[in-house]
Amino acid sequence: MQRPDFSLMKFFSRFFLCSVLIFSCTPQKKLVYFQGNFNALNDSTSASYFKLKIIPGDILLVNVFTINQEAFPYFNLTSDKQGSDTRSPYEKGYVVNDRGAIQLPLVGEVVVQNMTMTEASDVVKEKLLKYVDDPIVTIKKLNFKITVLGEVAHPGSFPVYNESATLPEALGMAGDITSFGNKTSVKIIRNDSKTPRVLIADLTNASSFTQENYFLHPDDIVYVDPVKRKALQNVNPAITLITSLITTAVVVISFIVK
């Protein structure tokens, strides 16, 4: 009776183990963020690039502060009351209608479409000067949110309380990319029109950032693809079991033959 070729069986078991280790490793260049230099020609990190504009459907928080608060109680809201205000944005804000305007007490309709928050504040202040002495107007957008999906620690939708947000900030809100996330091809889905656009950013290459993919717009969706090794990781337990069985069989057969 011919003896089994134990050396060949050992070779296959070691080959499986080595394959798992090789394909599970990730090059250092695909792990480190912002390698190289930012492209100064595109000025991708300039805060002056993105200006938050008002569009129909926006919900605006309009605060008007006056010397005589008792005369205009519907305009004034102290910081203490703001902190305890549990109403939804729809309840405490003014919705921009299809004409690009909001309806305010005392002054009526005010067109604010395509204006920045500062420009809209100035327009409302100008309207109020007919009725109020030295009003102070602040306008904030309540429905600025971004959604982060895919291979991140905490996917979900996140409100933005500033007038701008960047891609790194969004990923930070979501707890950063997991070890199975593809940092070289992060997708940004933007609804600028009826047809969404997809922008790509390579987080490992600083020069890949542009004005469009660095600054996020309201309702942007950030999606992080899984790397290929995640699929391999899912079958690793099966591969490990097979190699263990092969190794055990080799040991048992060797013991029996001896």
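Up top is the structure these notes are about.
The notes below deal with the structure included here. (Residues numbered from 1 in each chain as written. Predicted model: local features only at pLDDT ≥ 70, side-chain atom pairs only at ≥ 80, totals over all residues. Heavy atoms only, no water.)

Some words on the pairing of strand E5 (residues 136-141)
The condition that has to hold: Working definition: with a 1.4 Å probe on protein chains only, accessible area under 20% of the residue-type maximum means buried, over 50% means exposed, and in between means partly exposed. Counting from the N terminus, the helices are DSSP H or I runs at least four residues long and the strands are E runs at least two residues long. A pair of strands counts as paired when DSSP detects no fewer than two bridges linking them.
Only one face of E5 is buried: it carries Val137, Ile139 and Lys141, and the other face, with Ile136, Thr138 and Lys140, is open. Where strand E1 (residues 59-65) meets E5, 6 bridges bridge the pair, whose relative direction is antiparallel. Bridging across to E5, Leu61 finds its partner in Lys140.

Side note on the sheet that holds strand E7 (residues 156-159)
Stated precisely, the cut-off is as follows: The axes used here are C-alpha line fits, helices contributing only the stretch in contact, and every angle between their N-to-C directions lies in the interval 0 to 180 degrees.
Spatially, E7-E6-E12-E9-E10 is the arrangement adopted by the 5 strands of the open sheet, whose pairing is mixed. At either margin of the open sheet sits one strand with a lone partner, and together these are E7 and strand E10 (197-201). Along the sheet, successive strands turn relative to each other by an average axial angle of 25 degrees, direction set aside. As paired elements, strand E9 (residues 181-190) and strand E12 (residues 221-226) share 5 bridges and run antiparallel to each other. Counterpart to Gly181 in the pairing with E12 is Pro226.

Description of the environment of Asn162
Its location among the elements puts Asn162 in the loop between E7 and strand E8 (165-166). Through-space distance from the C-alpha of Asn162 to that of Phe144 is 8.6 Å; in sequence the pair is 18 residues apart.

Quick notes on the layout of surface pockets
As a reminder of what qualifies: The method works on a 1 Å grid over the protein atoms by themselves. A cavity is a set of points holding a 1.4 Å probe that cannot get out, a pocket is an open set with protein on both sides within 12 Å along at least five of seven lines, and residues with an atom within 4 Å of a point line them. Grid points are joined across faces, edges and corners, and a volume is the space filled by probe spheres set on the points. As a working rule, the residues Ala, Val, Leu, Ile, Met, Phe, Trp, Tyr, Cys and Pro are called nonpolar, Asp, Glu, Lys and Arg charged, and the rest polar, with Gly in that last group.
One number sums up the size of the largest pocket: a volume of about 450 Å³. Contributing to the lining of the largest pocket are 20 residues, with Leu61, Lys140, Lys141, Leu142 and Tyr161 lying nearest its centre. When residues of the lining of the largest pocket are traced back to their parent elements, those giving at least two are E1, helix H3 (89-92) and E5. If you tally residues by element for the lining of the largest pocket, the top one is E5, at 4 residues. Its residues assigned to classes, the lining of the largest pocket comprises 11 nonpolar, 4 polar and 5 charged. When its volume is computed, the second largest pocket comes out at roughly 380 Å³.

Focus on the pattern of salt bridges
Any two side chains of opposite charge can pair, on the condition that their charged atoms come close. Cut-off, in case you're wondering: Salt bridges are defined by distance alone: a side-chain nitrogen of Lys or Arg within 4 Å of a carboxyl oxygen of Asp or Glu.
Counting across every chain of the model gives 6 salt bridges. Salt-bridge contacts for Lys145 lead to Asp219; the nearest nitrogen and oxygen are separated by 2.9 Å. Of the two residues, Lys145 sits in strand E6 (residues 145-150) while Asp219 sits in the loop between strand E11 (215-216) and E12, which places them 74 residues apart along the sequence. Taking relative accessible area as the criterion, Lys145 reaches 38% and is therefore assigned partly exposed. Across the pair Asp225 and Lys187 runs a salt bridge, and its minimum N-O distance is 2.4 Å. Of the two residues, Asp225 sits in strand E12 while Lys187 sits in strand E9, which places them 38 residues apart along the sequence. Looking at Asp225, the relative accessible area reads 17%, which means it is buried. On the accessibility criterion, Lys187 (26% relative accessible area) is partly exposed.

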